[in-house]
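Structural features, examined
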Amino acid sequence: MCSSDLEATLEGEQQLSRRLGIVADGVEDFTPALENIEKELLHSVEQNFDARGGLFGGWPARKDSNQWPLLEKTGEMRGSFMSALKSDYLEIGNSDPKFKFHQSNKPRARLPRRVMLKIDMDRKTYINKAFQEYLVKLVQAQNNALI
């Protein structure tokens, strides 16, 4: 499995930053945002399989004349995506042993690269918005509690 870091920067008025800072100090459970992100990423995997890799640039054509769709002879590759979600992290992977070879961006001689899961610009935007919406709800809840 591959891991990536997600960085977020908040720019804006000092008052907003202070208010978010107060909320952020108490934030330990990102489950609502992470659940939305999990659904989106797993949905994008399904969309990508349906589009034969088209969501992330397309998959190289097969060299044989088999009738089944690429990567779906048994359905194991597509069906082996799983996720682990806790209050402070989300992990998505695939337990099929062939996944890492197709997904890898290392040089190759025989097995073509066929990306099934990718955090592209659309997914990055979605992730950022999911966290923003979650933090805004926390700020609103805090404001309502102060009134």
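Description of the structure in this document. These numbers were taken from a predicted model, which means no experiment stands behind them.

**Remarks on helix H2 (residues 31-50)**
In a regular helix each residue adds 1.5 Å, so 20 residues correspond to 28 Å; H2 covers 28 Å between its end C-alpha atoms and thus fits that length. By the burial criterion, the buried members of H2 are Thr31, Ala33, Leu34, Ile37, Glu38, Glu40, Leu41, Ser44, Val45, Asn48 and Phe49. After H2 finishes, the residue Arg52 shows a positive phi value of roughly 50°.

**What to know about the packing of aromatic side chains**
Per the stated rule, a full pass over the model turns up 5 aromatic pairs. Their ring planes at 75° and their centres at 5.8 Å tell us that Phe30 and Phe131 sit as a pair that is edge-to-face. Highlighted residues: Phe30 in the loop between helix H1 (14-26) and H2 and Phe131 in helix H5 (residues 121-146), separated in sequence by 101 residues. Pairing Phe49 with Trp59 gives two aromatic rings, centres 5.4 Å apart and planes at 80°, and the pair type is edge-to-face. Of this pair, Phe49 sits in helix H2 while Trp59 is found in the loop between H2 and helix H3 (76-79), placing the two residues 10 residues apart along the sequence. This pair shows no difference in class: Phe49 is buried, exactly as Trp59 is.

**Some words on the nonpolar core**
Among the nonpolar cores identified, the biggest contains 16 residues, and Ile37, Phe49, Trp59, Leu71, Met77, Phe81 and Met116 are the most heavily contacted of them. Of all the secondary-structure elements, those providing two or more residues to this core are H2 and H5. In terms of residues, this core owes the most to one element, H2, which gives 5 residues. Once residues lying within four places of it in the same chain are set aside, the contact partners of Met116 are Val45, Asn48, Phe49, Phe56, Trp59, Leu71, Met77, Phe81, Phe99, His102 and Gln103.

**Examining the side chain of Asn48**
Locating Asn48 in the fold gives a position in helix H2. Beyond its immediate stretch of four places on either side in the chain, Asn48 contacts Gly53, Gly54, Leu55, Phe56, Trp59, Val115 and Met116.

**Comments concerning the environment of Asn105**
Within the fold, Asn105 resides in the loop between helix H4 (99-103) and H5. When the C-alpha atoms of Asn105 and Val115 are compared, they prove to be 8.9 Å apart, with 10 residues separating the residues in sequence.

**What about the pairing of strand S1 (residues 81-86)?**
Sheet analysis places S1 next to strand S2 (residues 89-94), joined by 6 bridges and oriented antiparallel. Its bridge partner being in S2, Lys86 is matched across the sheet by Tyr89. Hairpin connection of S1 to S2: 2 residues between the antiparallel strands.

Rules used in this analysis
- Residues numbered from 1 in each chain as written.
- Predicted model: local features only at pLDDT ≥ 70, side-chain atom pairs only at ≥ 80, totals over all residues.
- Heavy atoms only, no water.
- Helix = DSSP H or I, 4+ residues; strand = E, 2+ residues; numbered from the N terminus.
- Expected span 1.5 Å × (residues − 1).
- Buried < 20%, exposed > 50% of the residue type's maximum accessible area, 1.4 Å probe, protein only.
- Phe/Tyr/Trp six-rings, centres within 6.5 Å; stacked < 30°, edge-to-face > 60°.
- Core = buried A, V, L, I, M, F, W, Y, C linked by side-chain atoms within 4.5 Å.
- Contact = heavy atoms within 4.5 Å.
- Pairing = 2+ DSSP bridges.

Nothing here speaks to function; it is all geometry.
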